[in-house]
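For reference, the chains in residue letters:
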Amino acid sequence: MLTIGKLAKKTGTKVQTIRYYEQIELMPEPGRTEGGQRRYGDAELDRLAFIRHSRQLGFSLDAIRELLDLSDNPDRPCDEADAIARRQLKQVEQRLSRLNALRTELKRMVRECSGGHTSDCRVLEVLRDHSECLTDHQDPNG
C-alpha cells in the first residue's frame with residue numbers, strides 16, 4: 001500500500017492533483033488507516049497512470065472519464081474508445097494547423113522588420129492591425 005506522497009512520486013503527479021481527481025471522482029475514494037491517512041494499491045496506481053498518460057496526450061477530463069468508464073467495463077465495444085481517440089486526433093490536427101499558420105505569420109513579421117525605429121516597426125504594425133496578417137491563425141475557441 002502506498003501513501004499519497006509515494007503514489008504522487010511513482011506517477012509524477014502532484015498530491016493536490018490526486019486529491020482533485022478524487023474530488024471529481026476520476027479516482028476512487030482511497031482506503032484509510034486508523035489515523036485517517038490515505039492508502040493506495042496497484043489498482044489506484046494503474047488508474048492514476050492511465051489518467052496521467054491520457055492528460056499527456058491532451059485528452060480532456062470528460063474524455064478521460066469516458067475512457068475510464070470503458071476501461072472499467074471490458075465487455076463494451078472498443079469502437080467507443082476509438083471514437084474518443086479520433087475526436088482527440090482531430091483536435092490535435094486543428095491545433096497543429098493553427099500553430100503552422102502562427103509560425104508562418106511570425107516568420108513573415110520578423111523577416112519584414114527592418115530593424116529601424118519602433119515607429120516603423122513591421123512587427124508592431126502587424127500586431128496593431130490583424131488585417132495585415134496573411135494567414136488565418138485565430139483560435140476558433142476564443
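Residues numbered from 1 in each chain as written. Predicted model: local features only at pLDDT ≥ 70, side-chain atom pairs only at ≥ 80, totals over all residues. Heavy atoms only, no water.

Draft legend 1. Inspection of the nonpolar core at higher detail. Core analysis: the biggest nonpolar cluster contains 19 residues, and Leu7, Ile18 and Ile51 have the highest contact counts within it. Contributions of two or more residues to this core are made by helix H1 (4-11), helix H2 (15-23), helix H3 (42-56) and helix H4 (61-72). When residues of this core are assigned to their parent elements, the largest contribution, five residues, is made by H4. Setting aside residues no more than four positions away along its own chain, Leu7 makes contact with Leu2, Ile18, Tyr40, Leu45 and Leu48. (Core = buried A, V, L, I, M, F, W, Y, C linked by side-chain atoms within 4.5 Å. Buried < 20%, exposed > 50% of the residue type's maximum accessible area, 1.4 Å probe, protein only. Helix = DSSP H or I, 4+ residues; strand = E, 2+ residues; numbered from the N terminus. Contact = heavy atoms within 4.5 Å.)

Draft legend 2. Up close: the packing of H1 against H3. Direction vectors running N to C along H1 and H3 enclose 45 degrees, while the axes themselves pass 10 Å from each other. In terms of their interaxial angle, H1 and H3 are classed as oblique. In the crossing of H1 with H3, the sense of the turn from one axis to the other is right-handed. The segment H1 lies against H3, with Leu7, Lys10 and Thr11 engaging Leu45, Leu48, Ala49 and Arg52. Looking at side-chain class alone, the contact of H1 with H3 contains four nonpolar, one polar and two charged residues. (Axes fitted to C-alpha atoms, helices over the stretch in contact; angles between N-to-C directions. Parallel < 35°, antiparallel > 145°, perpendicular 65-115°, else oblique. Left-handed = near helix turned anticlockwise from the far one by under 90°. Nonpolar A, V, L, I, M, F, W, Y, C, P; charged D, E, K, R; others polar.)

Draft legend 3. A look at the pattern of salt bridges. In the structure shown here, the tally under the stated rule is nine salt bridges. Linking Glu80 and Arg76 is a salt bridge whose minimum nitrogen-to-oxygen distance equals 2.4 Å. Between Arg108 and Glu105 there is a salt bridge, and its shortest N-O distance comes to 2.4 Å. Separated by three residues within a single helix, Arg108 and Glu105 lie in helix H5 (residues 79-112), roughly one turn from each other. As far as burial versus exposure is concerned, Arg108 and Glu105 are alike and both buried. Salt bridges here are not isolated pairs; linked through shared partners, they connect Asp69, Arg76 and Glu80. (Salt bridge = Lys/Arg side-chain N within 4 Å of Asp/Glu carboxyl O.)

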